[in-house]
Amino acid sequence: MENEKPNRVRYTASNITQNKKRFYSLSVPMEVLSKCCYATPREEDPIEGFQRVLDKKRAMQIAHYIDEEGGTIPSAVILSAQEVANVEVIGKGRTIEFTIDPKSFLIIDGQHRVYGFSLAKSTLRIPVIIYTGLTKKEEAILFIDVNSKQKSVPTELLLDIKRMAEREGSVEQILRDIFDTFDESSDSILLGKLSPREKSKNKISRVTFNGSMSSALKTFESKEPEEIYRILNNYISSFYNGWMKQNNLEEQLTNAIVFKSIMNSFVEIAIATKMKHGQTYSVDDFTDIMKGMFSKLSPTRFKNQGTSYKLLSKHITDCFKTDFEL
């Protein structure tokens, strides 16, 4: 509720104490919040600033999400009351009153939400947590804790539940079908080597798989996921059984750099396979095309792959080009 005093407002709030630190939980209209809080980027104030620089594009995305998609963001903006706010507890401690001033509250967490909400056309009330009586050191510690103790949801899990939320694009749907087939089919060369919902040691995550398939996927035009799976499974099987097993490199297949490099080389090798054997793309076809390359590949390069899949992929294609003839 608004107060009759000039530049003073009051709202119903819950008074909460945790480990001797007091804060208040309440909701504040966006038009009020935007007038009384600020953030201090470290680039602007290297002594007392600790926030990241505002990303206006991200704020615009939040506004679009609110206005055009009917979205909601229930997580609270965390603020630290400054002296100019003159926060007072009214009555029996269920209402707080403060002054509307551009420097009333320092934003500890949520500067992009505050700016994004202010750009939205929708009328909003924003969940807010207000700390009182914090020193600059305590504000910095709270900022560190908020941004280090919270663990973001793994991208692998978000990809896995996109179908449930009906948020998948057409390419994501195809990649999901291919991944799931590799993960479930008894003849899959990657059976037991994939991790759908999280990163896992010695397994290929959905994120790594999708990123590895991007260049290959462009060459399949209108083929169905089952056919794409068959061709890719034959290709990977040929590479794995025809060379990796022969050089005791079985465990390297699930290494993200190695897997990406193998898949990044697929298009060039598949084109050569089609030119010589037609569109059957069998394991034998791929093996016949790559057998000369297999004799030139360096096992050491695969064991010490470094951090660039493109360099390892170049090694693969370079060895392939020196051998292949029409």
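What counts, and where the lines are drawn
All residue numbers refer to positions counted from 1 along the written sequence of the respective chain. For a predicted model such as this one, the threshold for reporting local features is a pLDDT of at least 70, and the threshold for listing and counting side-chain atom pairs is 80 or more; totals across whole chains, interfaces and linings nevertheless cover every residue. Water and hydrogen atoms play no part in the side-chain values, which are based on all heavy atoms of the structure. Helix and strand assignments come from DSSP, with helices taken as H or I runs of at least 4 residues and strands as E runs of at least 2, each series counted from the N terminus. Given a helix with a known number of residues, its expected span is that number minus one, times 1.5 Å. When accessible area is computed with a 1.4 Å probe and restricted to protein chains, residues below 20% of their type maximum are described as buried, those above 50% as exposed, and intermediate ones as partly exposed. If DSSP finds at least two bridges between two strands, the strands pair. To define axes, lines are fitted to C-alpha atoms, for helices over the stretch in contact only, and angles between the resulting N-to-C directions are given on a 0 to 180 degree scale. An angle below 35 degrees is read as roughly parallel, one above 145 as roughly antiparallel, one from 65 to 115 as roughly perpendicular, and any other as oblique. Crossings are sorted by hand: turned counterclockwise from the far helix by less than a right angle, the near helix makes the crossing left-handed, and turned clockwise it makes it right-handed. In this analysis, two residues are considered to be in contact whenever any of their non-hydrogen atoms come within 4.5 Å of each other. We call Asp, Glu, Lys and Arg charged. Ala, Val, Leu, Ile, Met, Phe, Trp, Tyr, Cys and Pro are nonpolar, and the rest, Gly among them, are polar.

**Student:** Is there a simple way to think about helix 11 (residues 283-294) in this case?
**Tutor:** Because each turn of an α-helix spans 3.6 residues, side chains separated by three or four positions in sequence point in the same direction. End to end, helix 11 covers just 14 Å across 12 residues, shorter than the expected 16 Å (1.5 Å per residue, more than 12% under). Among the residues of helix 11, those classed as buried are D285, F286, I289, M290, G292, M293 and F294.

**Student:** Would you mind going over the sheet that holds strand 1 (residues 8-12) with me for this structure?
**Tutor:** Strand pairing within a sheet occurs via backbone hydrogen bonds; the two strands may be parallel or antiparallel. Spatially, 1-7-6 is the arrangement adopted by the three strands of the open sheet, whose pairing is antiparallel. The open sheet is flanked by strand 1 and strand 6 (88-90), the only strands paired with a single partner. Each strand of the sheet is rotated relative to its neighbour by a mean of 30°, with strand direction disregarded. Of the strand pairs in this sheet, strand 6 and strand 7 (residues 95-99) are connected by three bridges, and their pairing is antiparallel. Within strand 7, the residue paired with E88 across the bridge is E97.

**Student:** Looking at this structure, how should I read the pairing of strand 3 (residues 21-29)?
**Tutor:** Within a regular strand, side chains alternate between the sheet's two faces. Judged from the five bridges that link them, strand 2 (residues 14-18) and strand 3 form a sheet pairing that is antiparallel. Bridge pairing in strand 3 places N15 opposite Y24. Linkage of strand 2 to strand 3, two consecutive antiparallel strands, is achieved through a turn of two residues, within which N19 is found at a positive phi near 50°. In the sheet, strand 3 pairs with strand 9 (residues 125-131) via seven bridges, with the strands oriented antiparallel. When the sheet's bridge partners are listed, P29 is paired in strand 9 with R125.

**Student:** Got a minute to help me understand the packing of helix 9 (residues 256-264) against helix 13 (residues 309-321) in this structure?
**Tutor:** When two helices pack together, you describe them by how their axes are tilted relative to each other and by the distance separating the axes. Here helix 9 crosses helix 13 at 50°, and the two axes come no closer than 8 Å. Judged by the inter-axis angle, helix 9 sits oblique to helix 13. In this structure, helix 9 crosses over helix 13, and the sense of that crossing is right-handed. Contact residues: I257, V258, K260, S261, I262 and N264 in helix 9; Y309, L312, S313 and I316 in helix 13. Across the contact of helix 9 with helix 13, the residue classes tally to six nonpolar, three polar and one charged.

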